[in-house]
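What follows is the residue order along each chain.
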Amino acid sequence: ETGVTQTPRHLVMGMTNKKSLKCEQHLGHNAMYWYKQSAKKPLELMFVYSLEERVENNSVPSRFSPECPNSSHLFLHLHTLQPEDSALYLCASSQDVGIYEQYFGPGTRLTVT
Amino acid sequence: QQPVQSPQAVILREGEDAVINCSSSKALYSVHWYRQKHGEAPVFLMILLKGGEQKGHEKISASFNEKKQQSSLYLTASQLSYSGTYFCGTEIYSGAGSYQLTFGKGTKLSVIP
């Protein structure tokens, strides 16, 4: 596997379910990111991790809980989501935080019913 | 803090040129440009640092006017492969040694034969 991979690619969950999104980067990068992309809305940065430490949390509801066990893996734990949370969730990585190009994964299309 | 992109959408015939603008009300540290094709992840185009530099990537170039907090993306002699949504991301200093990257809503570019 090369680049940034995300699983699952599609997920349908009820509002009472608990699920997790997984991201893995094979680029040796130190920084990883979670973004939310909704229809007709810009990319919204949710979380930033640098060397497994969270460096940014952009006022994201607590029903989204990130986890970065090492610099290659990033998870987004989901619980008691709302229908408005339905979106494409993109993971990205970069050499370090800051002025470095970000490599995006293919995304997980999440639908909350 | 979200940058404003213009136009929102543009349709070009192959070979025509286009300019996409990105402006911010905040003092910018850098500007990032990405392209996202339908159903795919965003792909990095270039980063411009403050200092008014201009960069090029084949027939796609960009400029950054630090004084006006504006950046423009120039697409020359457009090709069908240029179709997609172009996002600018503006990076500002958010204090305590950290920077915040925020994306615009995107400009949808369609190139037709």
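Everything quoted here is computed from the prediction, not taken from an experiment.

Rules of the game
Residues numbered from 1 in each chain as written. Chains lettered and ligands numbered in written order. Predicted model: local features only at pLDDT ≥ 70, side-chain atom pairs only at ≥ 80, totals over all residues. Heavy atoms only, no water. Helix = DSSP H or I, 4+ residues; strand = E, 2+ residues; numbered from the N terminus. Contact = heavy atoms within 4.5 Å. Core = buried A, V, L, I, M, F, W, Y, C linked by side-chain atoms within 4.5 Å. Buried < 20%, exposed > 50% of the residue type's maximum accessible area, 1.4 Å probe, protein only. Phe/Tyr/Trp six-rings, centres within 6.5 Å; stacked < 30°, edge-to-face > 60°. Polar contact = N/O pair within 3.5 Å; in protein donor to acceptor, adjacent residues only side chain to side chain. Pairing = 2+ DSSP bridges. Axes fitted to C-alpha atoms, helices over the stretch in contact; angles between N-to-C directions. 1 Å grid on protein atoms, 1.4 Å probe; cavity = no way out; pocket = protein on both sides within 12 Å on 5 of 7 lines; lining within 4 Å. Points joined across faces, edges and corners; volume = space filled by probe spheres on them. Nonpolar A, V, L, I, M, F, W, Y, C, P; charged D, E, K, R; others polar.

## Let's talk about the side chain of Ser71 of chain B
Inference 1: Inspection of the secondary structure assignment puts Ser71 of chain B in strand β8 (residues 70-75).
Inference 2: If we skip the residues at most four places from it in the chain, Ser71 of chain B touches Ile20, Asn21, Cys22, Val31, Trp33, Leu48, Ser63 and Phe64 of chain B.

## Structural notes on the nonpolar core
Inference 1: By size, the foremost hydrophobic cluster in this structure holds 22 residues, and its most contacted members are Trp34, Phe64, Leu76 and Leu78 of chain A.
Inference 2: For this core, the secondary structure elements donating two or more residues are β2 (10-13), β3 (18-25), β4 (31-37), β5 (44-50), β7 (64-70), β8 (73-79), β9 (87-94) and β11 (108-112) of chain A.
Inference 3: In terms of nonpolar packing, the next biggest core, distinct from the first, is built from 21 residues, Ile20, Leu45, Tyr86 and Ile92 of chain B among them.

## Considerations on the packing of aromatic side chains
Here a ring pair, both rings aromatic, is described through the centre-centre distance and the interplanar angle of the planes.
Inference 1: Counted according to the given criterion, the structure contains seven aromatic pairs over all chains.
Inference 2: For the pair Tyr35 of chain A and Phe103 of chain B, a centre-to-centre distance of 5.7 Å together with 70° between the ring planes defines the contact as edge-to-face. Taken as a pair, Tyr35 of chain A in strand β4 and Phe103 of chain B in strand β10 (residues 98-103) lie in two separate chains rather than in one. Of the two residues, Tyr35 of chain A and Phe103 of chain B, neither departs from the other in class, the shared state being buried.
Inference 3: Members of the aromatic cluster, connected to one another through ring pairs, are Tyr33, Tyr35 and Phe104 of chain A together with Tyr34, Phe44 and Phe103 of chain B.

## A few points about the environment of Thr111 of chain A
Residues and elements named next belong to chain A.
Inference 1: Among the structural elements, Thr111 can be located in strand β11.
Inference 2: Assessed through its relative accessible area of 34%, Thr111 is described here as partly exposed.
Inference 3: Residues Thr111 and Asp85 lie 26 residues apart in sequence; the distance between their C-alpha atoms is 7.7 Å.
Inference 4: With sequence-adjacent residues up to four places away left out, Thr111 is seen in contact with Leu11, Val12, Met13 and Ser86.

## A look at the side chain of Gln36 of chain B
Inference 1: Mapped onto the secondary structure, Gln36 of chain B falls in strand β4 (residues 30-36).
Inference 2: Engagement of the side chain of Gln36 of chain B in a polar contact is seen with the side chain of Gln37 of chain A, the distance being 2.7 Å.
Inference 3: Dropping the residues within four chain positions of it, Gln36 of chain B is found in contact with Gln37, Leu88 and Leu90 of chain A together with Ala41, Pro42, Gly84, Thr85 and Phe87 of chain B.

## Concerning the pairing of β4 of chain B
All names here are of chain B.
Inference 1: With seven of its seven residues buried, β4 lies for the most part within the structure.
Inference 2: In β4, alternate side chains face the same way, and those of Ser30, His32, Tyr34 and Gln36 on one face and Val31, Trp33 and Arg35 on the other are all buried.
Inference 3: As paired strands, β4 and strand β5 (residues 43-49) are joined by six bridges and run antiparallel to one another. Note on β5: the bridge partner recorded for Trp33 is Met46.
Inference 4: In sequence, β4 turns back onto β5 through a hairpin of six residues, with Gly39 there showing a positive phi of about 75°.

## Details of the sheet that holds β7 of chain A
Residue and element names in this part refer to chain A.
Inference 1: Taken together, the four strands give an open sheet; going across it, the order is β1-β3-β8-β7, and neighbouring strands pair in antiparallel fashion. Only two strands of the sheet have a single partner each, and these edge strands are β1 (4-7) and β7. Sheet twist, expressed as the average angle between the axes of neighbouring strands with direction ignored, equals 20°.
Inference 2: In this structure, β1 lies alongside β3, joined through four bridges in antiparallel fashion. Across the sheet, residue Thr7 finds its bridge partner in β3, namely Lys22.

## With respect to empty space enclosed by the protein
Rolling a probe over the atoms, with the probe sized like a water molecule, indicates the empty space that remains.
Residue and element names in this part refer to chain B.
Inference 1: This model, assessed by the stated rule, comprises one cavity of 30 Å³ or more.
Inference 2: Looking at which element gives the most residues to the lining of the largest cavity, the answer is β10, with three residues.
Inference 3: Considering only residue class, the lining of the largest cavity consists of seven nonpolar, four polar and two charged.

These figures come from the coordinates and say nothing about function on their own.
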